[in-house]
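# Analysis of the macromolecular model
As a plain string of letters, each chain reads:
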Amino acid sequence: MVNRRTTSRRNVLRSAGALAAASAASACGVLPDGTKRAFVPDVSAAGEIRLSVWGDVSDAAIYEEVLDTWHRRQNKYRARAEQYTGNYYDKVLANFAGSIPADVIYFQGWHFQPYAESNVLQPLDEFIERDGLQARWPKLPTFRDYTQWRGRTYMAPVDGGSIVMLYNKDIFDERGVPYPSPDWTWDDFVEMVPKLTFKKGATKYYGFAQAGGWLGGYGRAVGFMRRNGHVEWDRIVEPTEQRWQHEDVVSALQFTLVDCLRNRWAPGPSAVAGGGISFATGKVALTPEGPWYLPNLHGPLATTKAGINYDVVGLPLGERNPVRNSWSLVHGHVMSAQSKNKEAAWDLIKFITSDEGQEIVARGGRMCATPANIKNIWAPIAGKAFNFSHTDAFADSQAGGVVPMIMGQGSPISADGGEPLDSVWTALELADRTAEQILAEYGPGVQAVLDDYWASRARSN
Amino acid sequence: MVTAAAGAPSEARRSRWRQRQAQGILFGSPLILGIILFWLGPMLYSIYLITQDWNLISEPAFVGLDNIRDALNDTALWSSLRATAYYTFVGVPLQLIVALALALLLNQKMVGRSVYRLVFYLPAMMPVVASAVVFNQIFNTEFGILNHILGVFGIAPVNWLFAPHWAVPALILMSLWFTGPQMIIFLAGLQGVPKQLTEAASIDGAGVFQRFRHVTVPMISPTILFNMIVSIIGSFQVFAQALIMTNGGPQGATRFLVLYIYQNGFEYFKMGYAATLSWFLFLIVVVFTAMQLLVSRRWVYYEGGW
C-alpha cells in the first residue's frame, strides 16, 4: 500500500480553523488601563502616534508637510496622519466607540464639547502652563468659548475663518454703486441690494446671496441678527432661554431671506442648487463668506477661468448700536485622554500651533486661527494667492467675531443649525410668510429643545 | 455478537453523519458567525440599550423605561411616523401599480422584449446616491425638466423639494424609478399563470379586462402579497434619499423614521433612544406584516390550498 503524503480535507479545515482562532486571539486584547482593544495594531505602543485630520484635499497636503517638518525637527516622536474623507465626525465617533481614537484629533470649535463632557479628551491646561504657551490662546471670549469646556482647555487653535462680506467690484461698477467701506451700516446694505439686482441681456445679476453656493443657515445669519448687540439666546454656552422674537433678529431674517427671496434680489433655493448661480460665477454682488471660499474666486481652482474681480469688507455695522458681530470660526486639535503617548501628542500640537506650523497651514490654503497669525502669517500669503486687498477684514472679524452657540452632548442644535432651526430656515426660504410669523411659530419649539436639553441633564445627574 | 455485528455499520454511519455535519457547520461558519456577530449580536445589544442612556463615548447608564416614556411624549417622533406612513401608504400602492403595469407590458410578445426588461430594471441597480443627484436636478423648481414638462401643459412650477407639502410626493415619484425588482417578481408571477385558464376564459367570452380581473389577478395574488409586504417593509425603512436630497426637510416633512433614528443615534449621541425607536419600527413592521398575512386569507389564492 502506498502511503501518499497528500493534504486531506480534514487537515485543511483543521489548519484553517486553528489559524482563524489564533488570529482572533492575537488581535483581541486589553490595554493596560483596562480599555478593550479591538482588531487593530497598537501603533501607540510602537512609539508612533496617530493624527486624524479633516477630509479636504488641502488638509492632506498641509498635514503631510506638517508631519515631515515635525519629524525633521525632532527625533523622539513619530506620527502618521489619518484622513477621514466624508462624514468626518461619524468616523471620529466610531473610533471613540471602538476605544481606538487617534492621539491627536482635529475638531471644529463647537463640536468637541460632547467628548470633553464624557471625559475622553485630555485637558491641555497643565501642558500649556508647563511650557508657558498661554499666548497661543488669545484672551478673547470667542477663543475661550471655542477652546474650553467647563473651565478647562481642550482644543488648541490651529485654523479658522471669519465671515466677511465679499463684493463683486464689476457689478458695483456696472450699477454705479460705491463699494462698501469698512464703516458701512445695515441701512447702507439694505439700500444697496435692490440697486445691485438687474438683468443684462438674458443674464440676471443678484444683489445678494446668503452664502456661496448654498442658502446659508443659522451661523451665517448671526452677524446680521446681532448687528446692534442683541443675542438670540440668554447666553452663548449652553443657553437656557431663546430670544428669537427680538426686532433685530426678525428684521435681519426678514430682509436677508424673506424680502431678498420674494423680490428675487437673491437667487432662490433651486437657482442656487441647480443653476450654478453664486458669487463665484460672477452673478452675485454681495455674499457673506469665509476664507475657505477664496480659492473659488481666483487661482487654479477658481470657478471661472478669469476669476472674479472682488474684494472683502467686514459685515455691515448695526444701525442703532454699531457693532460687528460676524461668526468667527476656530478649529484645532484636541488630545485623546486614552493616548498612550501624551508627550508626543502635545509636542505635535505645539508644533502645529507654532509660527512654523502656522505658516504651513497658511501656505496650504487654510486661514490661521488667531488674529495675530492671520495678520502676520496668513494675510500676506492669501492676499497674493487669491488677489484681494483688504486682508485686515479677516483679522478684524476674527478678533471681534462671535460664537453662535455652544452645546454639550445630546443637543440637536448647534452653531451649524439642526432641528428646529433648520426648519425655521426652510420656512424663511419659502418666503410665503413674514419672518415674524415664522419665528412666532417656531419659537416655542426652539425653547422646547433647550428645556429638553436641561431636563435630560437634570435626569442624568 | 449479533448485536455487535448489526451495530458496527450503524455506528460507522453515525460517525460519517457526524463528520458530515461538522464539515457542514465548518463550511457554513463564516455565514453563521457573520449572522451572530453582525446581525444577531447587535440586535440583542440594541434590546439592552433600550434601558440605557449611551452616547457612544462613555459607559452606558441604566435609565429604566425612560427611553420608552420619552418616545411616547416625543412630538417629533409622531410627525416622523406620519411622514413615513404617508410615504408608505401612498407610495407602495403606486409602486405596485406601476410595477404590475410594466410587467404586463413586458409579458407581451414583442421585438426586443429582453432589452426592455433590462432597461426597466436598470434603475434598480443604480446607487441611490447617484439617483438622488439626478432627481435633485429633475425636481429643480426653476431648471428641472419636470416643471418644464408641466409648463407645456400650462401648470405653474411646483416647488418640489422646498415646499413641505410637495417634498413627500416628490420622493414618492422618485420611488417609482426603483420598481424594477417588483416588476421582475410580477413578471415571474405572470409567467406562471396557466395559459389554458386565460384561453378558457376567452372562449367563455371574457374580455381583456375580465380575464385580467378574474383570472390573472387571482393567479398572481401570492406575488402581489409578497411584493406588497416587501415594499411596505422597504418603505418604512426609507432613508438614503431623504438624507441626501432633503436631509429631513423642508420643515421636517421628510424626516422619516429611519432618518430620525439615525439623527438621534449619530447626531445627538442618544444611542439608547435610537435603539428604542428601532425596536418601535420593528414592532410596526411586524404588526403590519402580520395584518397583511391575516387579511390575505380573504383575497390571496393558493392553487394547492393553504
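In this text the structure is predicted, and so the values were computed from the model without any measurement. (Residues numbered from 1 in each chain as written. Chains lettered and ligands numbered in written order. Predicted model: local features only at pLDDT ≥ 70, side-chain atom pairs only at ≥ 80, totals over all residues. Heavy atoms only, no water.)

### Re the packing of helix H3 (residues 75-106) of chain B against helix H7 (residues 164-175) of chain B
Residues and elements named next belong to chain B. The criterion, for reference: All axes are obtained by fitting lines to C-alpha atoms, using only the stretch in contact for helices, and the reported angles, taken between N-to-C directions, cover 0 to 180 degrees. Counting from the N terminus, the helices are DSSP H or I runs at least four residues long and the strands are E runs at least two residues long. Here a crossing is called left-handed whenever its near helix is offset anticlockwise from the far helix by less than a right angle, and right-handed whenever the offset is clockwise. We call two residues contacting when some pair of their heavy atoms lies within 4.5 Å. Following the grouping adopted for this structure description, the nonpolar residues are Ala, Val, Leu, Ile, Met, Phe, Trp, Tyr, Cys and Pro, the charged ones are Asp, Glu, Lys and Arg, and the polar ones are all others, Gly among them.
Relative orientation of the contacting elements H3 and H7 amounts to 30°, with a least axis distance of 9 Å. Both H3 and H7 take part in a crossing whose hand is right-handed. Where H3 approaches H7, its residues Tyr86, Tyr87, Val90, Gly91, Leu94 and Gln95 are matched on the opposing element by Val168, Pro169, Leu171, Ile172 and Ser175. Taken together, the residues of the contact of H3 with H7 sort by class into eight nonpolar, three polar and no charged.

### Topic: the sheet that holds strand S14 (residues 328-335) of chain A
Residues and elements named next belong to chain A. The criterion, for reference: Any two strands with at least two DSSP-identified bridges between them are counted as paired.
The strand order across the open sheet built from six strands is S4-S3-S5-S14-S8-S15, with neighbouring strands paired in mixed fashion. Each edge of the open sheet is held by one strand with a lone partner, namely strand S4 (78-83) and strand S15 (367-368). Pairing geometry for strand S3 (residues 48-53) and strand S5 (residues 104-108), over two bridges, is parallel. Across the sheet, the residue bridging to Leu51 is Val104, located in S5. Contacting S3, S4, S5, strand S8 (155-162) and S14, helix H12 (residues 342-353) crosses the sheet at an angle of about 155° to S14.

### Regarding the nonpolar core
The test is simple: The term nonpolar core refers to a set of buried residues drawn from Ala, Val, Leu, Ile, Met, Phe, Trp, Tyr and Cys, joined through side-chain atoms within 4.5 Å. Between buried and exposed lies partly exposed: a residue is buried under 20% and exposed over 50% of the maximum accessible area for its type, with that area taken using a 1.4 Å probe on protein chains only.
Core analysis: the biggest nonpolar cluster contains 122 residues, and A:Tyr115, A:Phe189, A:Trp244, A:Leu253, A:Leu286 and A:Leu348 have the highest contact counts within it. Considering each element in turn, this core owes the most residues, nine residues, to helix H10 (residues 247-262) of chain A. Those residues in contact with A:Leu348 that lie beyond four places of it in its chain are A:Ile49, A:Leu51, A:Val66, A:Leu67, A:Trp70, A:Ala79 and A:Val104. Listed in part, the 33 residues of the second largest apolar core include B:Leu102, B:Phe186, B:Val193 and B:Ala274.

### Brief notes about the packing of aromatic side chains
The criterion, for reference: The pairing test for Phe, Tyr and Trp rings, Trp by its six-membered ring, is centres within 6.5 Å, and the orientation test on the planes gives stacked under 30 degrees, edge-to-face over 60, and tilted for anything in between. Geometrically, a charge over a ring is one whose NZ (Lys) or CZ (Arg) sits within 6 Å of the ring centre while staying within 35 degrees of the ring normal.
Using the criterion set out here, one finds 51 aromatic pairs over all chains in the structure. Joined through ring pairs, the aromatic side chains of A:Trp54, A:Tyr84, A:Tyr88, A:Tyr89, A:Phe96, A:Tyr106, A:Phe107, A:Tyr115 and B:Phe269 make up one cluster. Sitting over the face of the ring of A:Trp186, A:Arg227 holds its NZ or CZ atom 4.1 Å from the ring centroid.

### Topic: the interface of chain B and chain A
So the rule is basically this: The term buried area denotes the loss of accessible surface (1.4 Å probe radius) that occurs when two parts are joined, taken as the sum for both partners. Salt bridge criterion: a side-chain nitrogen from Lys or Arg within 4 Å of a carboxyl oxygen from Asp or Glu. For this analysis, a polar contact is any N or O atom pair within 3.5 Å, provided that within protein one partner can donate a hydrogen and the other can accept it, and provided that sequence-adjacent residues contribute only side-chain to side-chain pairs.
Taken together, the contact between chain B and chain A spans 29 residues of the former and 32 residues of the latter. Each partner contributes to the roughly 2600 Å² buried at the junction of chain B and chain A, and carbon and sulfur atoms together form 57% of this total. Looking at the side of chain B facing chain A, the largest losses of area belong to B:Ile57, B:Phe162 and B:Gln251, adding up to 25% of the total buried there. Linking chain B to chain A there are one salt bridge. Taking the shortest distance from any N to any O, the salt bridge between A:Glu419 and B:Arg255 comes out at 3.4 Å. Along the contact surface separating chain B from chain A lie seven residue pairs in polar contact (both at pLDDT 80 or more). For the side of chain B that touches chain A, the secondary-structure elements that each account for two or more residues are helix H1 (2-49), helix H2 (66-72) and helix H12 (257-267) of chain B. Take the side of chain B that touches chain A: its biggest share by element is four residues, from H1(B). Of the residues contributing to the side of chain B that touches chain A, the split by class is 13 nonpolar, ten polar and six charged.

### Re unusual backbone geometry
Omega for the peptide link from A:Glu419 to A:Pro420 comes to 10°, which places this bond in the cis form. Within the secondary structure, A:Pro420 is located in the loop between helix H15 (392-400) and helix H16 (421-430). Here the bond from B:Gly249 into B:Pro250 is cis, since omega is -10°, no more than 30 degrees from zero. Here the phi dihedral of A:Asn119 falls at roughly 60°; this positive angle occurs in a residue that is not glycine. With respect to the helices and strands, the residue A:Asn119 is situated in the loop between helix H4 (113-117) and helix H5 (125-131). For A:Asn119, a relative accessible area of 62% corresponds to the exposed category. A positive phi angle is found at B:Phe269, which is not glycine, with a value near 60°.

### What to know about the sheet that holds strand S12 (residues 284-289) of chain A
All names here are of chain A. The five strands are arranged S10-S11-S12-S9-S13 in an open sheet whose pairing can be described as mixed. Looking at which strands have only one partner, the edges of the open sheet turn out to be strand S10 (198-200) and strand S13 (310-313). Adjacent strand axes in the sheet meet at a mean angle of 30°, parallel and antiparallel pairs treated alike. Alignment of strand S9 (residues 164-168) against S13, held across four bridges, turns out to be antiparallel. Note on S13: the bridge partner recorded for Asn168 is Tyr310.

### Description of the pattern of salt bridges
Opposite charge on two side chains makes pairing possible when the charged atoms of those side chains draw close. Residue and element names in this part refer to chain A. Scanning the entire structure with this criterion turns up 30 salt bridges over all chains. Between Glu238 and Arg150 there is a salt bridge, and its shortest N-O distance comes to 2.9 Å. Here Glu238, found in the loop between helix H9 (218-225) and H10, pairs with Arg150, found in the loop between strand S6 (148-149) and strand S7 (152-153); they are 88 residues apart in sequence, far enough to count as distant. Judged by its relative accessible area of 8%, Glu238 is buried. Members of the salt-bridge network, linked through shared partners, are Arg227, Glu247, Asp248, Glu319 and Arg320.

Any functional reading would require information that these geometric values do not contain.
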